[in-house]
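# Structural overview
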Amino acid sequence: MQASLSLSVSNPAAIPRSGHGFESSLPFPSKPVNLRFCGLRREALGFSSTSSSISAYRSNRNAARSKKVWASLGSDNGSSSSAPKSFDYDLIIIGAGVGGHGAALHAVEKGLKTAIVEGDVVGGTCVNRGCVPSKALLAVSGRMRELQNEHHLKALGLQVSAASYDRQGVADHANNLATKIRSNLTNSMKALGVDILTGFGTVLGPQKVKVGKDTVVTAKDIIIATGSVPFVPKGIEVDGKTVITSDHALKLESVPDWIAIVGSGYIGLEFSDVYTALGSEVTFVEALDQLMPGFDPEIGKLAQRVLINPRKIDYHTGVFATKITPAKDGKPVTIELIDAKTKEPKETLEVDAALIATGRAPFTNGLGLENINVATQRGFIPVDDRMRVIDSNGDRVPHLFCIGDANGKMMLAHAASAQGISVVEQLTGRDHVLNHLSIPAACFTHPEISMVGLTEPQAREKAELEGFEVAVAKTSFKANTKALAENEGEGLAKLIYRPDNGEILGVHIFGLHAADLIHEASNAIALGTRIQDLKLAVHAHPTLSEVLDELFKSAKVSF
Amino acid sequence: MASASSSLLTKMPTPSNTTISFSASLSPALPLFPSQFYLRRHRRTGNALRVQSKIREIFMPALSSTMTEGKIVSWIKSEGDLLSKGESVVVVESDKADMDVETFYDGILAAIVVPEGESAPVGAPIGLLAETEDEIAEAKAKAASAGGSAPAPAAATPAVSPSPPVPAPAASAPPPPLPADGPRKTVATPFAKKLAKQHKVDISKVVGTGPFGRVTPGDIEAAAGIVPTKPKVAAPAVAAQPAPIAAAAPPKAASAPSTPALPGSTVVPFTTMQAAVSKNMLESLSVPSFRVGYPIATDALDALYEKVKPKGVTMTALLAKAAAMALAQHPVVNASCKDGRSFTYNDNINIAVAVAINGGLITPVLQDADKLDLYLLSQKWKELVEKARAKQLQPNEYNSGTFTLSNLGMFGVDRFDAILPPGQGAIMAVGASKPTVVADKDGFFSVKNKMLVNVTADHRIVYGADLAAFLKTFSKIIENPESLTM
C-alpha cells in the first residue's frame, strides 16, 4: 500500500474491466485505489493521467484520506484555483436527467461547486418519458394480469369478479408518478445547492458553456449528459396518435385494439406486457431472426414461451418495416415489411396503431461539438473508458466528459448515473474506471427479466479467445418456497462462471421480482466477490433471494 | 424445462456446428449490450431425417428413452428457408427438455406439417425438406394431400399420415413465403390466428367482421362453433366413462373439440345411435351419482343355471329376475328423480339390460320383470335381442326401463362401474363370477364362486343405506336362488 502503486494506476490500459483482474495485476486488494492529492496539483489529472503526472500522486495518503481536509481544500479551490483563470463553477453538467443528477449529487458531496443545465424538464427521459412512467403502467398491467388470471386466483382460493380499468386513471397514475419523481429530483438538487440553469446548453469552447441565448458560464470541467430520444427509422411517419413512440405511448392516450410494436427489445417487450394486459392484441415486428435479441438465448426462449406465446401476440421476425403510414381517411395504419436479408417486399400489415420501439438515438445536435473539434459517431459522442471525450484527431478533449445515452456505452439510466459518479471520482482525485459488466439491466415484464455481465454465448466466445473454461449453473423458481407461495413458480436463474477461480461472468434471471434479485450478482461482480465466498453467505428463509443462494451453491468451483 | 438443454451444450465439442448470427439491427442506437452478436451451438440429436425420394420428411425425433411424443416449441426456420446440414431447424419439447433438432441434409424447408405449439408422436413427419426449389411445390402438394399420393418407393415408412386436416394450418397460419400473396389477403388479428390454429379453422374461409373487414377472435369462435358456454368441461369426463357395455366406440365419444387431432388420426362421425349414447352420457353428468359394491357367492346360482339352462333360461334372465325381486322390496331404488325436487316411484319394475350391438349400445327393456316367471322372461329377452339386432325395437322397448342391468362378466371383467342413464335411479354392473377362497364363520376355508356387483345410483333419491339394503336383499336372492324359479 505504498506510493508505488500509482504507477500502474495511471496507465489506463493496465486497468482491466473487472475488479479481480485488477487484483491479479496489482499487489493490493481489488478496491479501486483510494488516491487523492493536493489541490495545487489537481489540474494535472485533468490534463492527463499519463506517467508525466505520477509525481502528483505521491502525496501523503494519510493526509489526503481525511475528508475534512479534502473538502476544505476543494472548496477553496473552486474560486481561487491555480488555473490560469477563475471559473464560475467547478463542474457544469449539461442535461438534468438521471445521469446528470447522479453526477451533480456526487459532485456536491465531493465539494464541487456544481451547476446543471437543462433545456427541457428536470429528470430527462427516464423520469418523464421512460423508466418511471412505464413502471406505473407496468404496475397496472401486473395487477390486471393477476386479476384476469382466473386459474391463478382460484389456485390461491380467491374469487374476483371481472376486472376492468379506467384508461384515464391509469394514464394519470403514470403522469403523477413522473411529476412526483421529477419534483423529488429537483428538490434534492436545490437542497444540496446545485444551481439549475434553465436553457439549452451549448459548448462554446474548452471550459465554456452557453446557456440559452446569451448566458455564458465557465467551469473547470464539463460533463455532457444530454441523453437520447426515441429512434425512428426513415420511412416511418410518426403522427403521435396512431404511429407513436414510447414518448406518446407512456401518456396512454388510447388503448388500440391491435397494435404493432416495431422492435422486440426491452422497450417493446414492456409495452407488449402493458398493452396485452389492457386488452390489446400485439404484433411484433423484429429485424433480427428471433425475438428479444440481446437477452441470453436461453432466457429469451423461456421468456418467449411465457411472455409471448400464450398471450395475444404474434410476430414477424427477420423483417424491416420500411414504411409506416398513420391511419387517416378511414384507412388503418399500414406497415410495409421487407425481408431483412433479401430486401424483398414481404407483406403489408394493417393495424390500429404502431409503436416504434427500435431503440434510442443520442441527443447531441446543437451541442456545439464543432467548437471543440469533436465529431459524433452515428450521433454518439466518442469517449474513452473514463468517459473523457475524444476529438476527431483521436485526442482527448481536456476537461470534457460525456456520460449516459449520449456516449452510447450502455443506454441505461443507472449506467449514466454510475458513469457520472465515476467522472466525479476522477475529478476529485480518485481514479475510477466503471466496470460496465457489473451494471445490471432489467425488463419489467410479468414476470421480470434481469441480467448482469455476459450472456452465455458472449462468455463462451471470450473463454475461447482467452483460453479459460466456462460453466453454467441454473436454478428454477419452481424449487423456491416463496415463489411457490405466490404461485409464481415459473422462472429460471442462470449463472455463467469460471469454474477454475469462481469468477462470475454473468447472471440472468427470469422470474418473479427478477429485477430486484439481480443486485446480489451485480454487486458481487462489481466487488470481485467469488462464488466460493458467496456460497457461504446467508439468505433469509423463505425469500426469493434463495433462488440466487441455490444458484451460487449449485456452482461447481474447483478452488 | 429449458434447463436440460444447455448442460448438454457444455459437453458438446461441435465446432463445425456453429453458426454466428449477427444482429445487424434496424436501429443503430439500440444496443442494450455492448457486444451484439452471439454464438449459437447446436447439439446433435437423433436421426431426425430419413431419406424418401428427393423430398425428405423431417421426423419427430426421440429425444429421450421415455419420449413418446414431442411438442413443437418453435420452428427456427420457416417455409422456404434454405437449410444446410447441421443447422437447427426446429425446437422440440420432449417429456424432459427442449432440444434443437438439426438437419442432416442440405435443402429447403418446403412445408411445415406440424405447426408450432402442436404435438406429434415420435417418428411422425413434422416437416418436409426439398432438395431443390423445383420440388417445393411437389412437397407442398404432398403435405397438402398427405397420404393421398403415398410415394411408392417408400411404402415402408412407419408413420404415414393420411390426415386431411393437416394442410389447413400450413395454408392459413403464416402467409406462405411464396411471393404470390399479392391480391388475396385476409387480415386476422394475432389472437384470431391463435384461435384458428387451435380450433383448426381455415382463416381464409372466415368472413371478417372487425374493422376494415379484419377477422377477429369472435369470428373464429363463431366459425368453430364455440358458444360462450364451456363444452370443453364435458370432454374429459366422457373420455373417462366406463361404458355400461364393452363397446369400443363410446369411450371415443365427444372429445374432439379440445384436443387437436394427431397426424395420422382419422375422424369418423357418430352414427345416430352413437350420438344418442354420447348425449345420454353427457346428461348423466348433471346427476350426483355414487357407487356401492357388493361381493356375492354364486355357487347356488350357478347350480340353478345349469339346471334351467336346457329349458332356455339365460343368465341375463336370472339376474334380471333377481334384481326385479329385490327392487320390489326396495321401491326407492326403482324410483327416479325427474325434477330434482321429488321422488317418482314407478309402479312397474322394468329392467333395462345393456347390450352391445355392432358399434353401438342399446338397452332393451324387460317390462314387469318381477311379475313374469323365469321362462317367460327368457323368452321375452330372446325376442328383444333379435329385434334389437334387426333394429326393430319400438321406443317403449328400449326407453321404458326403471333400472338397468349391465353384465360384463362373460368377458372376464371382475368389476366395473356403470354410468347412470338419464331418468333412472340406479344401474347395476355385474362382474364375472370367480372361484375365491373364503373363510366361514367357524374359520374353515373353502373355495366359493363370487362375483362383484356394483350399483351406481342417483344420490338425490337413493342413499347409501338404501343401496346397501337393496344389495343385501339381492345377494340373498342370488345366494338362495330357489325363489327365482317360483
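Residues numbered from 1 in each chain as written. Chains lettered and ligands numbered in written order. Predicted model: local features only at pLDDT ≥ 70, side-chain atom pairs only at ≥ 80, totals over all residues. Heavy atoms only, no water.

Chain B carries the name Dihydrolipoamide acetyltransferase component of pyruvate dehydrogenase complex in an unreviewed UniProt entry, which gives Linum tenue as its organism. Under Sequence similarities (unreviewed entry), UniProt gives the following word-for-word description of chain B: "Belongs to the 2-oxoacid dehydrogenase family." According to its UniProt record, chain B has this under Cofactor (unreviewed entry): "(R)-lipoate". (UniProt positions renumbered as here; feature names shortened; annotations may be inferred.)

Under the annotation held in an unreviewed UniProt entry, chain A carries the name Dihydrolipoyl dehydrogenase and is attributed to Linum tenue. According to the UniProt record, the Catalytic activity (unreviewed entry) comment for chain A reads "N(6)-[(R)-dihydrolipoyl]-L-lysyl-[protein] + NAD(+) = N(6)-[(R)-lipoyl]-L-lysyl-[protein] + NADH + H(+)". In the Subcellular location (unreviewed entry) part of its UniProt record, chain A is described as follows: "Plastid, Chloroplast stroma".

Moving on, we get to the overall build of chain B. The secondary structure content of chain B amounts to 12 helices and 19 strands. For chain B, buried positions account for 45% of its 486 residues. Sequence-distant contacts, at least 24 apart, represent 62% of the contacts inside chain B between residues at least 6 apart. Of the roughly 23500 Å² that chain B leaves accessible, carbon and sulfur atoms contribute 59%. (Helix = DSSP H or I, 4+ residues; strand = E, 2+ residues; numbered from the N terminus. Buried < 20%, exposed > 50% of the residue type's maximum accessible area, 1.4 Å probe, protein only. Contact = heavy atoms within 4.5 Å. Areas by Shrake-Rupley, 256 points an atom, 1.4 Å probe, with all protein chains shown as cover.)

Residues and elements named next belong to chain A. UniProt's entry tags K135, G201, T226, G227, S228, D405, M411, L412, A413 and H414 with the feature "binding site: FAD" (unreviewed entry), counted in the numbering of this structure. Secondary-structure assignment places A413 in helix α15 (residues 413–427). The exposure class of A413 is partly exposed, given its relative accessible area of 21%. Beyond its immediate stretch of four places on either side in the chain, A413 contacts V98, C126 and C131. Owing to a relative accessible area of 39%, H414 belongs among the partly exposed residues under this scheme. When neighbours within four sequence positions are excluded, H414 is seen to be in contact with I439, P440 and A441.

For the rest of this paragraph, the subject is the UniProt feature "domain: Peripheral subunit-binding (PSBD)" (unreviewed entry) in chain B. Mapped onto this structure's residue numbering, the UniProt feature "domain: Peripheral subunit-binding (PSBD)" (unreviewed entry) falls at residues 187–224 of chain B. The span residues 187–224 of chain B is 45% helix and 0% strand, and its two end C-alpha atoms sit 18 Å from each other.

Looking now at the confidence of the model for chain B. Residue and element names in this part refer to chain B. Predicted confidence across chain B gives a mean pLDDT of 74, with 71% of residues reaching 70 or more. Low pLDDT, under 50, characterises residues 1–52; the predicted model gives this stretch 134 contacts beyond four residues in sequence or across chains. Low confidence marks residues 147–184, where pLDDT is under 50. Its contacts with residues over four positions away, or in another chain, come to 46 contacts. Interface confidence for the predicted complex, expressed as ipTM, amounts to 0.74; the pTM equals 0.56. (pLDDT = per-residue confidence, 0-100.)

Residues and elements named next belong to chain A. If you walk across this open sheet you meet the 5 strands as β19-β20-β23-β22-β21, and the pairing is antiparallel. Looking along the sheet, the strands with just one partner apiece sit at the ends: β19 (441–443) and β21 (471–476). Shown here is a sheet whose adjacent strand axes are inclined to one another by a mean of 10°, direction ignored. Pairing analysis gives 6 bridges linking strand β20 (residues 448–453) to strand β23 (residues 504–511), with the strands arranged antiparallel. Of the residues in β23, the one forming a bridge with I449 is F510. Along the sheet, helix α16 (residues 456–466) makes contact with β20, β21, β22 (492–497) and β23, crossing β22 at roughly 10°. (Pairing = 2+ DSSP bridges. Axes fitted to C-alpha atoms, helices over the stretch in contact; angles between N-to-C directions.)

Attention shifts here to helix α7 (residues 272–284) of chain B. Side chains three or four residues apart in an α-helix point the same way, a direct result of the helix having 3.6 residues per turn. Residues and elements named next belong to chain B. Its 13 residues give α7 an end-to-end C-alpha distance of 18 Å, which sits within 8% of 18 Å, the value for a rise of 1.5 Å per residue. The set of residues buried in α7 consists of Q274, V277, S278, M281 and S284. Take α7 and look down its axis: the buried residues cluster within an arc of 120°, on one side only. Of the exposed residues in α7, the ones pointing more than 90 degrees away from its buried face are T272 and K279. Considering only its buried residues, α7 is in contact with β15 (360–362). (Expected span 1.5 Å × (residues − 1). Arc of directions from axis to C-beta.)

Turning our attention to the pairing of strand β4 (residues 56–59) of chain B. Residue and element names in this part refer to chain B. Residues R56 and I58 of β4 are buried on one face, and the alternating residues E57 and F59, pointing to the opposite face, are buried as well. For β4 and strand β11 (residues 125–130), the ladder comprises 4 bridges, and the chain directions are antiparallel. Within the sheet, the bridge partner assigned to R56 lies in β11 and is L129.

A few words on the environment of A:K474. Residue and element names in this part refer to chain A. For K474, the location among the structural elements is in strand β21. Through-space distance from the C-alpha of K474 to that of V547 is 9.5 Å; in sequence the pair is 73 residues apart. Side-chain polar atoms of K474 contact the side chain of E298, separated by 2.7 Å. (Polar contact = N/O pair within 3.5 Å; in protein donor to acceptor, adjacent residues only side chain to side chain.)

One pass over the full model with this rule turns up 5 aromatic pairs over all chains. When the centroid spacing of 5.8 Å and the interplanar angle of 5° are considered together, the rings of B:F343 and B:Y345 count as stacked. The class for B:F343 is partly exposed, based on a relative accessible area of 39%. For the ring pair B:F470 and B:F474, a centre distance of 6.3 Å and an interplane angle of 25° mean the geometry is stacked. Linking B:F470 with B:F474, this pair stays in helix α12 (residues 464–479), spanning 4 residues, or about one helical turn. Each member of the pair B:F470 and B:F474 is classed as buried. Aromatic ring contacts, followed pair by pair, group B:F403, B:F470 and B:F474 into a single cluster. Lying over the aromatic face of B:F191, A:K312 brings its terminal NZ or CZ to 4.4 Å of the ring centre. (Phe/Tyr/Trp six-rings, centres within 6.5 Å; stacked < 30°, edge-to-face > 60°. Lys NZ or Arg CZ within 6 Å of the ring centre and 35° of its normal.)

All names here are of chain A. Residues of helix α19 (residues 519–527) that are buried include every one of A521, S522, A524 and I525, and no others. One side of α19 carries all its buried residues, which in axial view fall inside an arc of 160°. Contact partners of the buried residues in α19: β20, β23, α20 (531–534) and α21 (546–554). Looking one or two residues past α19, G528 carries a phi angle of roughly 75°, positive in sign.

With that settled, consider the packing of helix α9 (residues 315–329) of chain B against α12(B). All names here are of chain B. It is the contact of α9 with α12, at a shortest axis distance of 9 Å, that shows an interaxial angle of 135°. Judged by the inter-axis angle, α9 sits oblique to α12. In the packing of α9 onto α12, the handedness of the crossing is right-handed. Here L319, A322, A323, M325, A326, L327 and Q329 of α9 lie close against α12, whose contacting residues are F470, T473, F474, I477 and I478. Among the residues forming the contact of α9 with α12, the class breakdown is 10 nonpolar, 2 polar and no charged. (Parallel < 35°, antiparallel > 145°, perpendicular 65-115°, else oblique. Left-handed = near helix turned anticlockwise from the far one by under 90°. Nonpolar A, V, L, I, M, F, W, Y, C, P; charged D, E, K, R; others polar.)

Ranked by internal contacts, the top residues of the largest apolar core, which has 54 residues, are B:I351, B:M428, B:F470 and B:F474. For this core, the element with the highest residue contribution is α9(B), accounting for 9 residues. In terms of nonpolar packing, the next biggest core, distinct from the first, is built from 48 residues, A:Y89, A:A115, A:I222 and A:V374 among them. (Core = buried A, V, L, I, M, F, W, Y, C linked by side-chain atoms within 4.5 Å.)

Take the pairing of β22(A) next. Residue and element names in this part refer to chain A. Among the 6 residues of β22, 6 are classified as buried, and the element is accordingly described as predominantly covered. Neither face of β22 is exposed, since L492, K494 and I496 on one face and A493, L495 and Y497 on the opposite face are all buried. In this sheet, β22 lies alongside β21 in antiparallel orientation, the contact comprising 6 bridges. Paired with T475 across the two strands is A493, which belongs to β22. Across 6 bridges, the pairing between β22 and β23 is antiparallel. Bridging from a neighbouring strand, Y497 pairs with I504 of β23.

Turning to the side chain of B:R56, a few remarks are in order. Residue and element names in this part refer to chain B. Residue placement: R56 occurs in strand β4. Given a relative accessible area of 11%, R56 falls into the buried group. A polar atom in the side chain of R56 sits 3.1 Å from the side chain of E131.

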